[in-house]
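Residues per chain, in single letters:
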Amino acid sequence: MGNFHTVVLDPDKCKGCVTCMKRCPTEAIRVRNGKASVLYDRCIGCGECVRLCPHSAKLASYDEFESIEKFKYKVALPAPSLYGQFNNLTDVNYVLNGLLELGFDDIFEVGRGAEYASAVTKLLLDQERAKKPVISTACPAVLELILARYHNLEANLLNTLAPVDIAAKMAREIAEKKAAEMGIAPNEIGLFFISPCPAKVFALKLGVGVEKPYVDGILSAGDIYMRLVPVMNKLVDVKPLSQLGSTGLRWATSGGESAAVFRGKYLAADGIENVKRILDSIEDNTLTEVDFVELNACVSGCVGGVLNVEN
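For clarity, every value in this text was computed on a predicted model and none was experimentally measured.

Draft legend 1. Region of the structure containing the sheet that holds strand β8 (residues 189–195). Strand order in the open sheet made by the four strands is β6-β5-β8-β9, with parallel pairing throughout. Because the sheet does not close on itself, it has two edges, and the strands there are β6 (106–107) and β9 (217–220). The pairing of β8 with β9 spans four bridges and is parallel. Bridge assignment links F193 to a residue of β9, and that residue is I218.

Given below as structure tokens:
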């Protein structure tokens, strides 16, 4: 899993209360001498310890916003869940225009990648060789959990790229064409995903499922939200930048991926404890009446990620 640690501990705040140890889905946490420690070879980056720590001793890792300045041409990749952070948001273009005001040169919505993933999923589910129930691989924490603890279910995993990888691949191709017209070299283009959870940070940093990482940095949705609010309040000219349909937007919440696939026999579950129960049922062959299973480690889906301001 490399040297990147998606969750780190602040030992000064840790009280050794064992809350994190009891709730870790892969038993990756130990408490010794009154302090918690993470066994990173077992950690799946779900962020459950960050969510539950009563002393805020667990911290999720991500890149500082200032890291975008390393690149001449900067592209923001906002997750669909980012829009849900803003109360009474009637037009997502306010968010996208705000990102440009923060210093990004272009935007590519990750929800567009989700729409492509939905189309591919429909085709794969129609293939008779797909082992049922097919399990979505969109949540990297769930994917890591299966690879770590449910080896018998690997054949059930949906063989597609994650929406953010699809979006990043498309965004880079577009950015390279635009940057070339301005005399900017490909290595001067920076793609930055705005993440709702540490699991996605983990997956993108390590390039899980791809030959090499498609993005150059991962930013916290909560940090970006705090920077966006004052900028959005001052916007006068709001350009129509969004190219996202309702299908991609639905992916932000539990059940959204399944609804986008338009399949009648599906199951969607969220929250790591519920995820484990469903995986146990599939492994025990007691859940056989569904074709597709969508699992999200965070409660309510990506809108419940610990890098968000709130669920």
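Draft legend 2. Structural detail: the pairing of β8. β8 sits mainly inside the fold: seven of its seven residues count as buried. One ladder, built from six bridges, connects strand β5 (residues 73–78) with β8; its direction is parallel. Directly across from V75, in β8, lies its bridge partner L191.

Draft legend 3. Summary view of the pattern of salt bridges. Tallying each qualifying case throughout the model produces 11 salt bridges. Note that K74 is salt-bridged to D105, the shortest N-O span being 3.8 Å. Here K74, found in strand β5, pairs with D105, found in the loop between α3 (93–101) and β6; they are 31 residues apart in sequence, far enough to count as distant. Classification of K74 as buried rests on a relative accessible area of 8%. Through salt bridges that share partners, R23, E48, R51 and E273 make up one connected network.

Draft legend 4. Local environment of the packing of aromatic side chains. Summed over the entire model, instances satisfying the criterion amount to three aromatic pairs. Aromatic pair F71 and F192: ring centres 5.8 Å apart, planes at 75 degrees, arrangement edge-to-face. Pair noted here: F71 is in the loop between β4 (58–60) and β5 and F192 is in strand β8, with a separation of 121 residues, a long-range link. F71 sits in the buried class, given a relative accessible area of 17%.

About the thresholds
- Residue indices follow the written sequence of each chain, beginning from 1 at its first position.
- Local features are withheld for residues below a pLDDT of 70 in this predicted model, meaning they are given only at 70 or higher, and side-chain atom pairs are given and counted only at 80 or more; totals for whole chains, interfaces and linings count all residues.
- For side-chain calculations, the full set of non-hydrogen atoms in the structure is used, while hydrogens and water are omitted.
- At least two DSSP bridges between two strands are required for those strands to pair.
- Strands are runs of DSSP state E lasting at least two residues, helices are runs of H or I lasting at least four, and both sets are numbered from the N terminus onward.
- Relative accessibility under 20% of the residue-type maximum defines a buried residue, over 50% an exposed one, and the middle range a partly exposed one, all with a 1.4 Å probe and only protein chains included.
- The term salt bridge refers to a pairing of a side-chain nitrogen on Lys or Arg with a carboxyl oxygen on Asp or Glu at a separation within 4 Å.
- Aromatic contacts are taken between Phe, Tyr and Trp rings whose centres are within 6.5 Å, Trp giving its six-membered ring; a plane angle under 30 degrees counts as stacked, one over 60 as edge-to-face, and the others as tilted.

So, to be careful, I would describe these as geometric facts and stop short of saying anything about function.
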